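Summary of the model geometry
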Amino acid sequence: MEISNLSQEHKGLLDAFRDAIVAIDEDKAREIAENIISETIDPSTAIKYSIADAAIKVGERFDSGEYFLPHLVMAGDLMEAVGAILEKHIPAEKIERKKVIVIGTVQGDMHSVGKNLVATMFKAGGFEVHDMGVDVTSIAFIDKAKEVKADMIALSSLLTTTMPYQKEVIEDLAAMGIRDRFKVMIGGGPVTEVYAHDIGADGYGRDAIEALDEVKKLLI
Amino acid sequence: MRLSLWEILLRTKEGPIIEEKQFDLSIFKKIQELQQKYDIKYDPEKPLDVDGDLADRVFQAGVAFFLNIGTYCITTRRVIKLTEPELQTEIASCPDELELGQGTDKVKMLHRDVEGNQEPVVVAGIQTAPFSDEEMMFKITKGCAMDYCIDGIWGGVLLKIEGKYDVIAGTPSEIYQYRKTVEIMREAIKAAGRPGMIIINNAPTSLATIAMYSEESGLRKTDGIESTGMSEVKISYDDLNRCAFGLAHGIHIHGSHSSVIGGFSATPEGAAIVAVAGALQLVAVQKSDSLRCGVIEAMVKSRVTRKELWAAGTALQGLSRNTRLIVDGSIGDHPAAGPGTKQYLYESAAGHIVSTVMGAHSTQGTRKFVVGSTCNYGTPLESRWMGEVCKGAVGMDRVTANRIVKYLLAKYEDKLRDAPEGETFEKLYNQGKLEPLPHYQKLYQEVKEELREQGLNFRN
């Protein structure tokens, strides 16, 4: 159902739903999600309109400095929770599959702040994110990507001596003959766009906001 | 009596077990509460707290935070907590004086007071940056060491073995090459006539870090060992490995931790509170004798934004006023701009003035925030600047520092996101004479005179 076909009352409910998510008001967002079901509004419309719009607005608040990493984490969790409430009422075959991203900091590198920020931005941006943490081996990234049928592997490195592990993942994928199954994106303090190009990565993000824009370009 | 490292290790195995995300969010929730309770407010118009009352409240909030939230061990997913008497014993038992380096190059590292006259220890050098080859590393390190306004040198890394094989963290190449780098550094400081000066290098893994130690040709007990706490208020066993080695061999342990504006600390106020808590973690959990209390801003690639200066400066001041700890500020260590630009010097000056005036040393070297894989991205002149600014700010009062910092912020604040890239050593130095090229020397002198007019008391 298109948003333009909804009554003003129902449209108002979807707006309130979006606003509750943006405000990270969990009780209210859950209550409205239940109301959307009881009002027989198409839950797919609510996901496409309210949750997607909320993700954009949360990102804008982060970009403007009003929201911080914890807000992104909480908003991402809330979107997932209310999304699950709505999805229970959508036939399985009609549920739109989210794009899946496996992310982590490469082997030998314990830096997590930038990676956490990017992972949370991805989740708040509507992607299914599997955060593997820090010090992750190439094989672990690839195994996980295969297991969850990922669309992308995102690799963070904060040290010049761990950047070769980003290249290693790309080389391992090629050696296994599955390079074209996954987009590979890289980032991190010493990483540059030129380096990303040199090692054959598909994308590069200078910071969390640019990374999200890049992922949208590559996956949507 | 202080808690032993073994007691800490036990707590990493027996403390409450929680998910990392739950711990992260508890940081945010707690600082909301403490910020209100201790009435901590960031005022962009005052990048420095000039009277100290706010800094005292930040310190108290940091203590309350550390006792309540603790330190998360990512290896065991458990939280290490201390009681208040345990923490007070740790703080009281920490040294307020250290001796570093050897012979005529030996320096005393003392607890510094806010606006204090105690000499700040300055460890400069192009910290953790890549060098193109052994000869270039030797040359640049020697050039830095020849300057007597600095007390020590940070090392970098050579990216290839025999010019061919990649140096990769966690592999034998890391152990071999980091050891090689300190041998080159030791030769370089000898050639500069300062064989006993402090040298520091820190490899990604504890194994490679430990492998750098050799009284004869590598790092010495009198140089210290780095143990870096993870942002925010976390550790891993790899961090504790460095502590265990330092304790076993009587090596001075220098801890380092940064809180994150825009991270789970969220606000500048939160980052100031967590910066204090991180410093307490370095003392109590990582057994550090001196500690770097840092703040970074997640979305800006510079260490000297207005918010960073305020948060780090206030935390440093709180620690200096309320303890006898030996604290390292190093706020100006990583400018957004590159070497050979005025902006680099402005950014570096702002951070190092705040560090010095707020009662800290500066031991984390100096280089552009993002160097990527560009080699030789720095010169000895930035090290001289770091030394000249730190020593020139000794005894400066906070009101003057606040005025100069505001002057400097006006010069670079709106240029941080698209800062000038600068040049590499080859474009800025006469490599034979190890002297800056005339255009760089002229630029340096211009900025020096500009800051002298603003009230920075350079020693020459």
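Note that the coordinates shown come from a computational prediction; the quantities given were computed from them, not determined experimentally.

**With respect to the overall build of chain B**
- If you tally the helices and strands in chain B, you get 15 helices and 18 strands.
- What you see for chain B is a C-alpha radius of gyration of 21 Å, in line with the 23 Å of a compact globule of 460 residues.
- Along the longest, intermediate and shortest principal axes, the C-alpha atoms of chain B span 60 × 50 × 40 Å.
- Every one of the 460 residues in chain B was classed for burial, and the buried ones make up 62%.
- Nonlocal contacts in chain B, meaning residues at least 24 apart in sequence, comprise 78% of its contacts between residues at least 6 apart.

**Quick look at the overall build of chain A**
- When helices and strands are tallied, chain A shows nine helices and five strands.
- Reading the secondary structure of chain A in the N-to-C direction produces α-α-α-α-β-α-β-α-β-α-β-α-β-α.
- The C-alpha atoms of chain A give a radius of gyration of 19 Å, which matches the 17 Å a tight globule of 220 residues would have.
- A burial count over chain A gives 51% of its 220 residues as buried.
- Nonlocal contacts in chain A, meaning residues at least 24 apart in sequence, comprise 73% of its contacts between residues at least 6 apart.

**Describing the packing of helix α5 (residues 134–145) of chain B against helix α6 (residues 172–191) of chain B**
Residue and element names in this part refer to chain B.
- One way to put it is that α5 packs onto α6 with a least axis distance of 8 Å and a crossing angle of 45 degrees. Between α5 and α6, the crossing angle belongs to the class labelled oblique. The hand of the α5/α6 crossing is right-handed. In this structure, α5 uses Glu 134, Met 137, Phe 138, Thr 141, Lys 142 and Ala 145 to contact α6, whose residues at the interface are Thr 181, Ile 184, Met 185, Glu 187, Ala 188, Ile 189 and Ala 191.
- Here the residues of the contact of α5 with α6 sort into eight nonpolar, two polar and three charged.

**Let's talk about the sheet that holds strand β2 (residues 128–131) of chain A**
All names here are of chain A.
- Pairing is parallel in the open sheet, where five strands are placed in the order β2-β1-β3-β4-β5. Both edges of this open sheet fall to β2 and β5 (203–205), since each of them pairs with a single strand only. Taken over all neighbouring pairs, the strand axes of this sheet differ in orientation by 20 degrees on average, direction set aside.
- Across five bridges, the pairing between strand β3 (residues 152–156) and strand β4 (residues 183–187) is parallel. Bridge pairing in β4 places Ile 153 opposite Val 184.
- Across the sheet, helix α6 (residues 138–147) lies against β1 (100–105), β2 and β3, angled at about 165 degrees from β1, the strand it touches most.
- Contacting β1, β3, β4 and β5, helix α9 (residues 208–219) crosses the sheet at an angle of about 160 degrees to β5.

**Overview of the domain arrangement of chain A**
Residue and element names in this part refer to chain A.
- In terms of domains, chain A is made up of domain 1 (3–92) and domain 2 (100–219).
- Using only C-alpha atoms to locate each centre, domain 1 and domain 2 end up separated by 28 Å.
- In this assembly, 11 residues from domain 1 lie in contact with 10 residues from domain 2.
- Among the secondary structure elements, those contributing two or more residues to the side of domain 1 that touches domain 2 are α3 (43–63) and α4 (69–87).
- No other element matches α4, which puts six residues into the side of domain 1 that touches domain 2.
- Looking at the side of domain 1 that touches domain 2 residue by residue, the class counts come to eight nonpolar, two polar and one charged.

**A few points about the interface of chain A and chain B**
- Contact residues are listed per partner, giving 24 residues for chain A and 29 residues for chain B.
- Only α4, α5 (113–124) and α7 (163–175) of chain A provide two or more residues apiece to the side of chain A that touches chain B.
- The residue makeup of the side of chain A that touches chain B, split by class, is 14 nonpolar, eight polar and two charged.

**Some points on the environment of B:Gly378**
All names here are of chain B.
- The residue Gly 378 is located in the loop between α11 (342–357) and α12 (380–392) in this model.
- The buried category is assigned to Gly 378, around which 31 C-beta atoms lie within 10 Å.
- Residues in contact with Gly 378, not counting those within four places in the same chain, are Ile 126, Ala 129, Pro 339, Arg 367 and Phe 425.

**Section: the sheet that holds strand β7 (residues 152–154) of chain B**
Residue and element names in this part refer to chain B.
- The strand order across the open sheet formed by three strands is β5-β7-β11, and the pairing between neighbours is parallel. The two strands at the open ends of the sheet, each matched to only one other strand, are β5 (123–124) and β11 (198–200).
- Strand direction decides the pairing type here: β7 and β11, joined by three bridges, are parallel. Residue pairing in the sheet places Trp 154 in a bridge with Ile 200 of β11.
- Its contacts with the sheet place α6 against β7 and β11, and it is angled at close to 155 degrees to β11.

**With respect to the pairing of strand β12 (residues 225–228) of chain B**
Residues and elements named next belong to chain B.
- Of the two faces of β12, both are covered, the one formed by Ile 225 and Ser 227 as well as the one formed by Glu 226 and Thr 228.
- Across four bridges, β12 lies against strand β14 (residues 253–261) in parallel orientation. Paired with Ser 227 across the strands is Gly 255, a residue of β14.

**Looking at unusual backbone geometry**
Residues and elements named next belong to chain B.
- Here the bond from Ser 231 into Glu 232 is cis, since omega is -5 degrees, no more than 30 degrees from zero.
- Here the phi dihedral of Leu 434 falls at roughly 55 degrees; this positive angle occurs in a residue that is not glycine.
- By the secondary structure assignment, Leu 434 is in the loop between β17 (429–430) and β18 (435–436).

**Things to note about the confidence of the model for chain B**
- In this model, chain B carries an average pLDDT of 96, and 100% of its residues clear a pLDDT of 70 or more.
- Interface confidence for the predicted complex, expressed as ipTM, amounts to 0.85; the pTM equals 0.93.

**Notes on helix α9 (residues 268–284) of chain B**
- Compared with an ideal rise of 1.5 Å per residue, which puts 17 residues at 24 Å, α9(B) spans 24 Å between its outermost C-alpha atoms and is within 8% of the ideal.
- Taking burial as the measure, the 17 residues of α9(B) include 17 buried ones, the bulk of the element.

**A few points about the nonpolar core**
- Counting residues in hydrophobic clusters, the biggest one holds 213 residues, and the most contacted among them are A:Ile21, A:Ile153, B:Ile273, B:Ala275 and B:Val276.
- Ranked by the residues each element gives to this core, the list is headed by α9(B), at 12 residues.
- Split by domain, the residues of this core number at least three in each of domain 1 (3–92) and domain 2 (100–219) of chain A.

Conventions we followed
- Residues numbered from 1 in each chain as written.
- Chains lettered and ligands numbered in written order.
- Predicted model: local features only at pLDDT ≥ 70, side-chain atom pairs only at ≥ 80, totals over all residues.
- Helix = DSSP H or I, 4+ residues; strand = E, 2+ residues; numbered from the N terminus.
- Rg over C-alpha atoms; globule rule 2.2 N^0.38 Å.
- Buried ≥ 20, exposed ≤ 12 C-beta atoms within 10 Å, placed from the backbone.
- Contact = placed C-beta atoms within 7 Å.
- Axes fitted to C-alpha atoms, helices over the stretch in contact; angles between N-to-C directions.
- Parallel < 35°, antiparallel > 145°, perpendicular 65-115°, else oblique.
- Left-handed = near helix turned anticlockwise from the far one by under 90°.
- Nonpolar A, V, L, I, M, F, W, Y, C, P; charged D, E, K, R; others polar.
- Pairing = 2+ DSSP bridges.
- Domains from an automatic or database assignment.
- pLDDT = per-residue confidence, 0-100.
- Expected span 1.5 Å × (residues − 1).
- Core = buried A, V, L, I, M, F, W, Y, C linked by C-beta atoms within 7 Å.

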